[in-house]
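# Architecture and fold: a report
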Amino acid sequence: MDLILWGWAIAAAVMVAMWWYQWKTSNASHVDVAWAYGIGVLGLFYTSQLQGLTSSQWVVLACILIWSLRLGTFLWRRTMGKAEDSRYSDLRKRWSQAKFFLFYQFQALAIVLFSVPVLISLQSMASQSVGSIQQIMGVVIAAISLLGEGLADRQLTSFKENRAHQGRTCREGLWKYSRHPNYFFEWVFWFSFVAFAWGSSIWLLTWLGPVVMLILLFGVTGIPPSEARALESRGDDYKDYQSKTSVFIPWFPKS
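To start, this report covers the structure provided alongside it. (Residues numbered from 1 in each chain as written. Predicted model: local features only at pLDDT ≥ 70, side-chain atom pairs only at ≥ 80, totals over all residues. Heavy atoms only, no water.)

## A word on the pattern of salt bridges
If you walk through the whole model with that rule in mind, you get seven salt bridges. One salt bridge in this structure joins Arg-179 and Glu-227, with 3.0 Å as the shortest N-O distance. Within this pair, whereas Arg-179 is found in the loop between α6 (133–161) and α7 (181–189), its partner Glu-227 is found in helix α10 (residues 223–244), the two being separated by 48 residues in sequence. Among the residues examined, Arg-179 registers a relative accessible area of 10% and is labelled buried. Its relative accessible area of 9% is what places Glu-227 among the buried residues. Overlapping salt bridges, with partners in common, bring together Arg-171, Asp-237, Asp-240 and Lys-244 in one network. (Salt bridge = Lys/Arg side-chain N within 4 Å of Asp/Glu carboxyl O. Helix = DSSP H or I, 4+ residues; strand = E, 2+ residues; numbered from the N terminus. Buried < 20%, exposed > 50% of the residue type's maximum accessible area, 1.4 Å probe, protein only.)

## As for the environment of Asp-153
Along the chain, Asp-153 falls in helix α6. What Asp-153 contacts, discounting residues up to four positions off in sequence, is Arg-70, Phe-74 and Asn-182. (Contact = heavy atoms within 4.5 Å.)

## As for helix α1 (residues 2–25)
With 24 residues, α1 should reach 34 Å at 1.5 Å per residue; the first-to-last C-alpha distance of 35 Å fits that figure. Within α1, the full set of buried residues consists of Leu-3, Gly-7, Ala-11, Ala-12, Met-15, Trp-19 and Gln-22. Tucked into the core, α1 has its buried residues touching α2 (30–49), α4 (86–94) and α5 (97–124). (Expected span 1.5 Å × (residues − 1).)

Right, here's the structure in full:
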């Protein structure tokens, strides 16, 4: 519990600095970058507090660091030097800086919640030998999800870079089977820690990852605003895409 409280203090302090930065720049897009990198930072912090790391624990750390660096860097490149994301510019019209401060502290809380499965997995792997079923399952799930999310992001970026596709919806690659394949694989990634910690006395707490992620994707900052912006910018083309393509779990499109 002490480690989690320290992790919360670190995340809260970082988000105070990020809140001050958005106040000065009138741009809150960097909060997503800080969130992605922040979970990796807490993974490093927890690891630094554990004694005599085993090979299995190093594997857990590698998974969260690869995830954090890939997503954080992708978001950094997408937002660096750009205008504020429309999600946050819309909020800026309605919110005071006090509300933005609370929003940033909510992000700090989210960092801590997602770091809990990482900490439990690190502790659980201390007693697991290399090649255990938990380790194999965790690594396989992490690898599939990281590859899937990275591929989805590259396919969408490549599609958008072609000027001939302006005003059209990407239906190529993984986007043919899901309207949000990047979100789907992001959700799948958190099951890797459920696998790593399987058998632990507090294993159920690792479900915080996939459960909270699903709530965020469907009820807060994920799918609803993304679909609203797509309908606004692509109209009938996106309505047709909605009618034929699975919203989340990849599946064959309707004819």
